[in-house]
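Structural characterization, general
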Amino acid sequence: MPRGALSAVGIAAALSIALTSCSSSSGPAAGGDTPAKGLVVGVTSDPDTLFPWKATQFQAVNVLQNLYGTLTEFDKDLNVVPGLAESWETSKDGEKLTLKLRQGVTFADGSVLDSEDVKASLEKIMDEKTAAVARASLSSVKSVEAPDASTVVLELTGPDAALPANLATVNMAILSSDDTEQELATTPNGTGPFTLSKRVASQSITLARNDKYWGPEKPKVPTVEFRVIPDESSIVSAMQSGNVQLAVFDDPLVAQTAEGGGTITVAKTPQLSYHVLQLNASHGDLKDVNVRLAIQCAIDRKQVLDTAALGEGEVTGPITAPAYKSDPAKRPCPTRDLSKAAGYLAKAGKSGGVTVKTIVSQGEYATSVNEAQNLKAQLAEAKINLELEVLESGAFVDRWVAADFDAAVALNGGRPDPDGSYGRYFTSDGNLNKVAGYSSPELDKLFAEGKATTDQAARKPIYDQVAAHLEDNAAWIWLFAGYTYTATTSNVQGFVPMASGSLQYLRTTSVS
């Protein structure tokens, strides 16, 4: 099937497609006697955690964002809009952010959300002992006050233009102050559009409609089941037989195969997420910038894109957010240059070559192993041996969080604001700096300037400098940004695919 036959969906586009299903029925349909049908979503992996502050795996994030609420949210166009906070106001000096909470919001256990829950949540996220993956996003917060039940005041060290957007991620989910991580690991208690109904480990996780959800519209389906089917091609078969109604694919070949059968509709959405060879610059030979630059110069990124993803995407620099997008031509080796790679290895005293132990996730996204094998073949020509270790997604995440790798072939989630994307990785006090293994006083200064600058036009050149510094030091090797492919059978309405990869619009999806 020709590439152009897949319908392109822009970053701001909404999708409304119909889908026929033979899913189970439960609960009355709005305005009629016919029972509403549940939705079955095919996924390739089981969530590795149900605790939102530590979720990094894509599938865990997709489930948890339907169970929990955040102070702010992104709309379909990736604008920051009210969430649990119905409004917020920044003081003139930028050193205070005051949030007004919605009234009458309840957690799944029936308890009422108030400012003490927000205060406790943010303070725990800020506490290094919690090991929250978004802790660095609150680095500008000096204190959190709750002057009354519906007001939260964040005292800041200075203006933080990124803070409203950073509060919109599920890693900033607001929890009940009465709950513990141990409890939430098995029994989520959020304010989201769904609640946890049932979980069968490694097989499925089923969510039930939260009829007390605060949003303007209650979820339309009574249940959403995430059914684990490890292979994307097998998910297509399940859709063709009517057992699965919706899936989001990474592999363009699978997407083409799905639509080629004539019973499934596929729409593709450009993504902020990016494919990357992450180098841990604190490990072994990678401590030497010349070794990292040799790796950068020895890779033809277009070849990786063409081999692993059929050319579906574009070569990218570090920042994929449209307002701050990096120019991939502005890097030390914009095209593959083996002679430069050899020169950098010689500078490092490694003319005989190096070996880089590299972890690869199998199951979280479809193109990982093909990317890794292509990178290995290309780098071998430069006397750089990628020693590949393929892991299931849960084991990969554990090794990744522990920074137990020299390099990692990864699909990293992008965000609309560059600070949220990289501040936690590449600043000296970033809580994921151990994973990146690289920081510098210059980057610390640039990230601080980016947060303190509220004018978007003025922020762009600051993050251009961030991108240049990351590329010039080959902190990581950015490869390409691709698409996600939303596949449905007939009679599904209201699902909106997003450039962030979020499945938050399952709450507006219906099945007839």
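Everything discussed here concerns the structure shown above.
Residues numbered from 1 in each chain as written. Predicted model: local features only at pLDDT ≥ 70, side-chain atom pairs only at ≥ 80, totals over all residues. Heavy atoms only, no water.

Next up on the list: the nonpolar core. In globular proteins that are soluble, nonpolar side chains generally tend to be buried together. Grouped together as the largest cluster of nonpolar side chains are 64 residues, with contacts concentrated most on Leu71, Leu122, Leu154, Leu167 and Phe226. Leave out the neighbours within four places in its chain, and leucine 154 touches Glu95, Lys96, Leu97, Leu99, Leu122, Val141, Ser143, Val144 and Leu163. Among the nonpolar cores identified, the runner-up in size contains 35 residues, and Ile299, Tyr365, Ala382 and Leu411 belong to it. (Core = buried A, V, L, I, M, F, W, Y, C linked by side-chain atoms within 4.5 Å. Buried < 20%, exposed > 50% of the residue type's maximum accessible area, 1.4 Å probe, protein only. Contact = heavy atoms within 4.5 Å.)

Moving on, we get to the pattern of salt bridges. Counted according to the given criterion, the structure contains 20 salt bridges. Note that lysine 350 and aspartate 285 form a salt bridge whose closest N and O atoms lie 3.3 Å from each other. Of the two residues, lysine 350 sits in the loop between α9 (338-347) and β18 (354-362) while aspartate 285 sits in the loop between β16 (274-279) and α7 (289-297), which places them 65 residues apart along the sequence. For aspartate 285, a relative accessible area of 27% gives the class partly exposed. (Salt bridge = Lys/Arg side-chain N within 4 Å of Asp/Glu carboxyl O. Helix = DSSP H or I, 4+ residues; strand = E, 2+ residues; numbered from the N terminus.)

Quick look at empty space enclosed by the protein now. For the coordinates displayed, the defined rule picks out 2 cavities of 30 Å³ or more. Quantified by volume, the second largest cavity comes out at close to 30 Å³. Lining the second largest cavity are Tyr274, Pro318, Ile319, Thr320, Ala321, Gly414, Arg415, Ser421 and Tyr422. (1 Å grid on protein atoms, 1.4 Å probe; cavity = no way out; pocket = protein on both sides within 12 Å on 5 of 7 lines; lining within 4 Å. Points joined across faces, edges and corners; volume = space filled by probe spheres on them.)

Turning our attention to helix α6 (residues 252-260). When we look at burial in α6, the residues that qualify are Pro252, Val254, Ala255, Gln256, Ala258 and Glu259. In this structure, the buried side of α6 is in contact with α5 (232-240), β14 (246-249), β15 (265-270), α8 (301-309) and β22 (483-488).

What follows concerns the packing of helix α14 (residues 441-452) against helix α15 (residues 456-472). Each pair of packed helices gets described by two things: the angle between the helix axes and the distance between those axes. It is at 9 Å that the axes of α14 and α15 come closest, and there the two elements cross at 155°. Compared by their axis directions, α14 and α15 come out roughly antiparallel. Read as a crossing pair, α14 and α15 show a hand that is left-handed. Contacts from Glu442, Leu443, Leu446, Phe447, Glu449, Gly450 and Lys451 in α14 reach Arg459, Ile462, Tyr463, Gln465, Val466, His469 and Leu470 in α15. (Axes fitted to C-alpha atoms, helices over the stretch in contact; angles between N-to-C directions. Parallel < 35°, antiparallel > 145°, perpendicular 65-115°, else oblique. Left-handed = near helix turned anticlockwise from the far one by under 90°.)

Once that is clear, we can look at the sheet that holds strand β8 (residues 96-101). Strand order in the open sheet made by the 4 strands is β7-β8-β10-β9, with antiparallel pairing throughout. Of all strands in the sheet, those with a lone pairing partner are β7 (85-90) and β9 (141-148), marking the two edges. On average, adjacent strands in this sheet sit at an angle of 20° to one another, irrespective of strand direction. Across 5 bridges, β7 lies against β8 in antiparallel orientation. Among the inter-strand pairings, alanine 85 is bridged to a residue of β8, identified as leucine 101. (Pairing = 2+ DSSP bridges.)

Below, the discussion takes up the layout of surface pockets. Taken as a whole, the largest pocket holds about 470 Å³ of empty space. In terms of lining residues, the largest pocket is bounded by 27 residues, among which Ala161, Ala165, Tyr324, Asp417 and Arg459 are the most central. Among the elements of the structure, β7, α3 (163-166) and α15 are those that each provide at least two residues to the lining of the largest pocket. Per-element accounting of the lining of the largest pocket gives the leading share, 3 residues, to α3. Taken as a whole, the second largest pocket holds about 290 Å³ of empty space. Forming the boundary of the second largest pocket are 15 residues, of which Lys54, Ala131, Val133, Val401 and Leu432 lie nearest the centre. Elements supplying a minimum of two residues to the lining of the second largest pocket: α11 (393-401) and α13 (433-436). Sorting elements by how many residues they give to the lining of the second largest pocket places α11 first, with 3 residues. Its residues assigned to classes, the lining of the second largest pocket comprises 7 nonpolar, 2 polar and 6 charged. (Nonpolar A, V, L, I, M, F, W, Y, C, P; charged D, E, K, R; others polar.)

Moving on, we get to the environment of serine 143. Assignment of secondary structure puts serine 143 in strand β9. Measuring from C-alpha to C-alpha, the distance between serine 143 and glutamate 123 comes to 8.0 Å, with 20 residues separating the pair along the chain. If sequence neighbours within four positions are ignored, serine 143 has contacts with Val153, Leu154 and Glu155.

Glancing now at the side chain of glutamine 296. Structurally, the position occupied by glutamine 296 is in helix α7. Among the residues examined, glutamine 296 registers a relative accessible area of 0% and is labelled buried. In this structure the side chain of glutamine 296 is engaged in a polar contact, spanning 3.1 Å, whose partner is the backbone oxygen of glutamate 471. The residues contacting glutamine 296, other than those within four sequence positions of it, are Arg301, Arg331, Pro332, Cys333, Glu471, Ala474 and Ile477. (Polar contact = N/O pair within 3.5 Å; in protein donor to acceptor, adjacent residues only side chain to side chain.)

With that out of the way, let us pick up the packing of aromatic side chains. Evaluation of the coordinates by the stated rule reveals 15 aromatic pairs. Counting every residue linked through ring pairs, the aromatic cluster contains Tyr274, Trp400, Tyr422, Tyr425, Phe426, Trp476 and Trp478. One residue, lysine 268, lies across the ring of tyrosine 483, its end atom 4.5 Å from the ring centre. Stacked on the ring of tyrosine 505, the Lys or Arg arginine 507 has its end atom at 5.8 Å from the ring centre. (Phe/Tyr/Trp six-rings, centres within 6.5 Å; stacked < 30°, edge-to-face > 60°. Lys NZ or Arg CZ within 6 Å of the ring centre and 35° of its normal.)

Another point: the sheet that holds strand β21 (residues 476-481). Read across the open sheet, the 6 strands follow the order β17-β21-β16-β20-β18-β19; overall the sheet is mixed. Lying at the two open borders of the sheet, with one neighbouring strand each, are β17 (314-315) and β19 (384-392). In this sheet, strand β20 (residues 407-412) lies alongside β16 in antiparallel orientation, the contact comprising 6 bridges. Considered in β20, the bridge of tyrosine 274 is made with asparagine 412. On the sheet, helix α10 (residues 368-380) packs against β16, β18, β19, β20 and β21 and is oriented at approximately 165° with respect to β19.

A separate point is the side chain of threonine 358. One can find threonine 358 in strand β18. Here valine 356 takes part through its backbone oxygen, which lies 3.1 Å from a polar atom of the side chain of threonine 358. Beyond its immediate sequence surroundings of up to four residues, threonine 358 is in contact with Leu277, Leu386, Glu387, Leu388, Glu389, Ala407, Ala408 and Val409.

Let us now look at α9. When we look at burial in α9, the residues that qualify are Ala341, Tyr344 and Leu345. Viewed end-on, α9 has its buried residues packed into an arc of 100°, placing them on one side of the element. In α9, the exposed residues that point more than 90 degrees away from the buried face are Ser339 and Lys347. Those residues of α9 that are buried lie in contact with α7, β18 and β19. Of the residues flanking the end of α9, it is glycine 349, one or two places downstream, whose phi is positive at about 75°. (Arc of directions from axis to C-beta.)

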